[in-house]
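# Report on the structure
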Amino acid sequence: MDEKQKEKYIRLKEKNRKNRLEDAWKNNLQFEEYISALSSVRFISNNENQYILDEIIKLYPISEAGHIIWDDFFGEKLVSSYEFLERFVNLSEDYYVIWDRADLPIIICRLKSIVDNFDDFKAISFSAFIVSLDFKTMIEVRGFGSLTLGRLK
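Heads up: these notes are all about the structure in this document. (Residues numbered from 1 in each chain as written. Predicted model: local features only at pLDDT ≥ 70, side-chain atom pairs only at ≥ 80, totals over all residues. Heavy atoms only, no water.)

## Focus: helix α2 (residues 29-37)
Of the positions making up α2, those classed as buried are F31, Y34 and I35. Projected onto a plane normal to the axis of α2, the buried residues spread over an arc of 100° and lie on a single side. Of the exposed residues in α2, the ones pointing more than 90 degrees away from its buried face are L29 and S36. (Buried < 20%, exposed > 50% of the residue type's maximum accessible area, 1.4 Å probe, protein only. Helix = DSSP H or I, 4+ residues; strand = E, 2+ residues; numbered from the N terminus. Arc of directions from axis to C-beta.)

## Regarding the environment of I69
The residue I69 is located in the loop between α3 (46-59) and β2 (75-80) in this model. Judged by its relative accessible area of 31%, I69 is partly exposed. Distance in space between the C-alpha atoms of I69 and I107 is 23 Å, their sequence separation being 38 residues. Setting aside residues no more than four positions away along its own chain, I69 makes contact with P61, I62 and S63. (Contact = heavy atoms within 4.5 Å.)

## Digging into the pattern of salt bridges
Under the counting rule described, the total for this entry stands at 6 salt bridges. Taking the shortest distance from any N to any O, the salt bridge between E55 and K58 comes out at 2.8 Å. Taken together, the residues E55 and K58, both in helix α3 and 3 residues apart, mark about one turn of the helix. The class of E55 is buried, set by a relative accessible area of 15%. Close ionic contact of D94 with R110 constitutes a salt bridge, the shortest N to O distance being 2.4 Å. (Salt bridge = Lys/Arg side-chain N within 4 Å of Asp/Glu carboxyl O.)

## Side note on α3
Along its 14 residues, α3 runs 21 Å from first to last C-alpha, staying within 8% of the 20 Å computed at 1.5 Å per residue. Turning to α3, its buried residues number three or more, namely N49, I52, E55 and I56. Buried residues of α3, seen end-on, are gathered within an arc of 135° and therefore sit on one face of the element. With respect to the buried face of α3, the exposed residues turned more than 90 degrees away are N47, I57 and K58. Summarising the contacts, the buried residues of α3 are in contact with β3 (94-99), β5 (128-132) and β6 (137-142). (Expected span 1.5 Å × (residues − 1).)

## Observations regarding the nonpolar core
W99, I114 and F121 are the most contacted members of the largest nonpolar core, which has 26 residues in total. The set of elements that each furnish at least two residues to this core consists of α2, β3, β4 (107-110), α4 (111-116), α5 (118-124), β5, β6 and β7 (146-152). If we ignore the near neighbours within four places in the chain, the residues touching I114 are Y34, L38, V97, C109, F121 and I130. Of all hydrophobic cores here, the second largest spans 15 residues; its members include I44, I68, F129 and V131. (Core = buried A, V, L, I, M, F, W, Y, C linked by side-chain atoms within 4.5 Å.)

## Side note on the pairing of β3
Taken across its 6 residues, β3 has 5 buried, putting it largely inside the fold. For β3 and β4, the ladder comprises 4 bridges, and the chain directions are antiparallel. Bridge pairing links D94 to R110 in β4. When β3 meets β5, the two strands line up antiparallel, connected through 5 bridges. Bridge pairing in β5 links V97 to I130. (Pairing = 2+ DSSP bridges.)

Below, the structure is given as structure tokens:
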């Protein structure tokens with residue numbers, strides 16, 4: 001196989017991998033029901049995914065297990081529940097949602113939609129990050145819906 005064929009083969013494999021991932025979440029009934037319950041939602045392209053993840057890694061200390069190391073976080077940290085989020089953040093703003101499952105896409109939606117459908121949100125994945133579009137506010141959802149909210153100074 002020459003170099004040109006090898007490059008073409010690699011691009012084709014990558015395209016097939018992306019298509020399989022997309023098909024996987026399209027067949028996830030819980031995720032589809034959750035998405036349809038949201039007032040508005042945008043899906044992030046694969047190109048943007050990497051930029052978003054890179055920004056989060058630069059700004060927040062993340063463990064090998066994929067959780068925020070809150071003891072190493074240099075900002076304001078609050079522990080709350082979703083019922084009290086409105087005390088700390090504007091629910092009418094858009095946020096990224098990043099699941100702990102690689103087969104689910106990053107989405108953008110209103111924080112109010114997440115709060116209004118929080119039981120369905122928790123059913124999709126064991127943990128997730130809800131991040132403001134400017135990356136200054138991070139909400140980590142873990143386990144059975146416990147929240148830790150962090151704000152960069």
